[in-house]
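Chain by chain, the residues:
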Amino acid sequence: MAPAALIALSAVLMWAAFPPVGFGVLGFVAPIPFFLAIRSVERMWTALALGFVWGAAFFGLLLNWLMVLGFVAWFPLSILMGAFTTLYAFLIWTFRLWPAWRWWWIATGGWVAMEFVRGRFPWGGFPWGDIGYPTGGLPGAIGSVQWIGPSGWTVITVAFAAALALVIENHTNWRMAVDAGSIIVLLIIGGALFGPAPSAQVWRAAIVQGGSPCPQTRCQNENQRIYQQHMELTRTIPEDSVDFVIWPENSTGTPYEPVNNESVRAEIVAEAARLDAHILISGTRSEGDDHFYNVNLLYSPDGVLIGEYRKQHPVPFGEFVPMRGLFDFVPQLDRVPRDMIPGTDAVVFPTEVGTLGTVISFEGSFARSMRASARNGAQAMVVTTNTSSYGVSPATDQAIGMVRVNAAAIGVETAYASITGKSTFITGAGDVDQTTDQLEEVVLYGSIQFSSDVPTIFTRFGDWFAYLAMLAGLVALLLPGGRTADRVVSERRA
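How each quantity is defined
Residue positions are counted from 1 within each chain, in the order its sequence is given. For this predicted model, a pLDDT threshold of at least 70 governs which residues receive local features, and a threshold of 80 or more governs which side-chain atom pairs are given and counted, while totals over whole chains, interfaces and linings are taken from all residues. The basis for every side-chain value is the complete set of non-hydrogen atoms in the structure, without hydrogens or water. Under the DSSP-based scheme used, a helix requires at least four consecutive residues in state H or I and a strand at least two consecutive residues in state E, with every element numbered from the N terminus. For the radius of gyration, the atoms used are the C-alpha atoms, and the globule rule reads 2.2 Å times the number of residues raised to 0.38. Each residue's exposure class comes from its accessible area (1.4 Å probe, protein chains only) as a fraction of the maximum for that residue type: buried when under 20%, exposed when over 50%, partly exposed otherwise. Contacts are assigned to residue pairs that have any heavy atoms within 4.5 Å of one another. Here, the term right-handed applies to a crossover whose path from the first strand over the helix to the second runs clockwise when the strands point away from the viewer. Note: two strands are recorded as paired if DSSP finds a minimum of 2 bridges between them. Note on definitions: angles span 0 to 180 degrees between N-to-C directions of axes, and those axes are lines fitted to C-alpha atoms, for helices only across the stretch in contact. Roughly parallel means an angle under 35 degrees; roughly antiparallel means over 145; roughly perpendicular covers 65 to 115; every other angle is labelled oblique. For any helix crossing, the convention is left-handed if the near helix is rotated counterclockwise from the far helix by under a right angle, and right-handed if that rotation is clockwise. When residue character is reported, Ala, Val, Leu, Ile, Met, Phe, Trp, Tyr, Cys and Pro are called nonpolar, Asp, Glu, Lys and Arg charged, and the others, Gly included, polar. Each residue carries a pLDDT value, the predictor's own confidence for that position, ranging from 0 to 100.

1. Remarks on the overall build of the protein chain
Phase 1 of the analysis: Each helix and strand counted, the protein chain has 15 helices and 13 strands in total.
Phase 2 of the analysis: For 494 residues, the compact-globule estimate of 2.2 N^0.38 gives 23 Å, and the protein chain sits close to it at 24 Å.
Phase 3 of the analysis: Counting all 494 residues of the protein chain, 57% fall into the buried class.
Phase 4 of the analysis: Contacts in the protein chain between residues far apart in sequence, at least 24 positions, make up 71% of those at least 6 positions apart.

2. A short note on the pairing of strand β3 (residues 278-287)
Phase 1 of the analysis: With 8 of its 10 residues buried, β3 lies for the most part within the structure.
Phase 2 of the analysis: In this region the chain leaves strand β2 (residues 244-246), passes through helix α10 (residues 262-275) and returns to the parallel neighbour β3; the handedness of that crossover is right-handed.
Phase 3 of the analysis: Where β3 meets strand β4 (residues 291-299), 9 bridges bridge the pair, whose relative direction is antiparallel. Counted as the bridge partner of glutamate 287 is histidine 291 from β4.
Phase 4 of the analysis: Here β3 hands over to β4 after 3 residues, with glycine 288 in that stretch at a positive phi of 75°.

3. Describing the packing of helix α3 (residues 44-62) against helix α4 (residues 71-94)
Phase 1 of the analysis: At a minimum axis separation of 7 Å, α3 and α4 run at an interaxial angle of 140°. Taken together, the axis directions place α3 and α4 in an arrangement best described as oblique. Considering how the two elements wind past one another, α3 and α4 form a crossing that is right-handed. Here Met44, Ala47, Leu48, Gly51, Phe52, Trp54, Gly55, Ala56, Phe59 and Gly60 of α3 come into contact with α4, specifically with Trp74, Ser78, Ile79, Met81, Gly82, Ala83, Thr85, Thr86, Ala89, Phe90 and Trp93.
Phase 2 of the analysis: Here the residues of the contact of α3 with α4 are counted per class, giving 14 nonpolar, 7 polar and no charged.

4. Concerning the confidence of the model for the protein chain
Phase 1 of the analysis: Taken residue by residue, the protein chain gives an average pLDDT of 93. The fraction at 70 or more is 97%.
Phase 2 of the analysis: The low-confidence segment residues 485-494, where pLDDT is below 50, has 7 contacts with residues more than four positions distant or belonging to other chains.

Quick look at the structure:
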């Protein structure tokens, strides 16, 4: 098969591993055509072009829901993601003629390094498309992310795919595929047998998915109408039926937010007293004309403000505009007239039944953000989000797919509360409970069980397995005795 056809096949298979198709097992085979294509070409510029096309095509398909915001949102991000895969293609092409075992370690460690950097740079990074999420989310496998995290499943997945590519080229390279496959089987069996199982007290919970009167756009009195919709739904919750009520991201906003509006605070406190329940309120609060905070507030049944969490990781070009002066020519950025002021710390809320952690929207897709709450003592988590900008699209399913793996990595139950759907409850083992429909205005009832177990290995040591893989790749690169392409070509000519 021609290299271009292999690249196209690989990109489509990778896309299908993620929602909306969500056939996660394809993650193990999708990189194989990519590796075969890059290893088969003779010219560096061909390898670079193939690497770029693969990344731009895969992410272009994966993030097609960004097109609702316009070509100007979808195209630059797809191109940026293609730049990362271009560099990776250069790496694995440059060392393609080295001994198979050395190339295998370089390819595996290099992919992990690519995702590691992409998840942190630029502007805090972007973890969408990390291959460890669809494979680590498979039955059995998800129970093992408590040990190695989603990044650990990236290591195993890429190692297996790279080994199979080498076997296709030369059957004598079978040992690496057997080694990687054996580790996959052991992790799946171990995860199925010893998955996290929270065992402390339970809160009966309700997610108020109040919706937006004008999703994907702006409308008159929007903040007031969103607040009123959530308050009206909250008033339908029967007394003595819940211990915890959750309002999603942007359910309040200046001037209809409880810190600076006494009547709003009084209504929220009254509902907390009526229900004898804690209420978590998520919304924005203006700070001058040019800035705002994105916060989660937890009120006790007595109306006491237990604490405030300020979102630490704003969405680039969604909640702030980097280097704003350079992008004045883009009219779509008028939709982001203010920049979010990021918080500086992971905040947890102590309650009489356990410690509650929380992150907001985009942060839930970062394993390190949820891990930071767990390291601060969180025994249960809430992720509040607002996907109204993307309408009915795969964005929310992709986000839930990442949150469920991250929740299993820290081993705590998680409520995922969205203003326009989908909302759900996720167990500490990564299982997803009933889910609301998108754009549905409803109260979703469920439960959150606090964990009394010791922190998971991932909570304590983070991406340790990924660090080892990157170190192994570096060692394979730097060890003396490697055969460069020029030397191999010279030997062949001789």
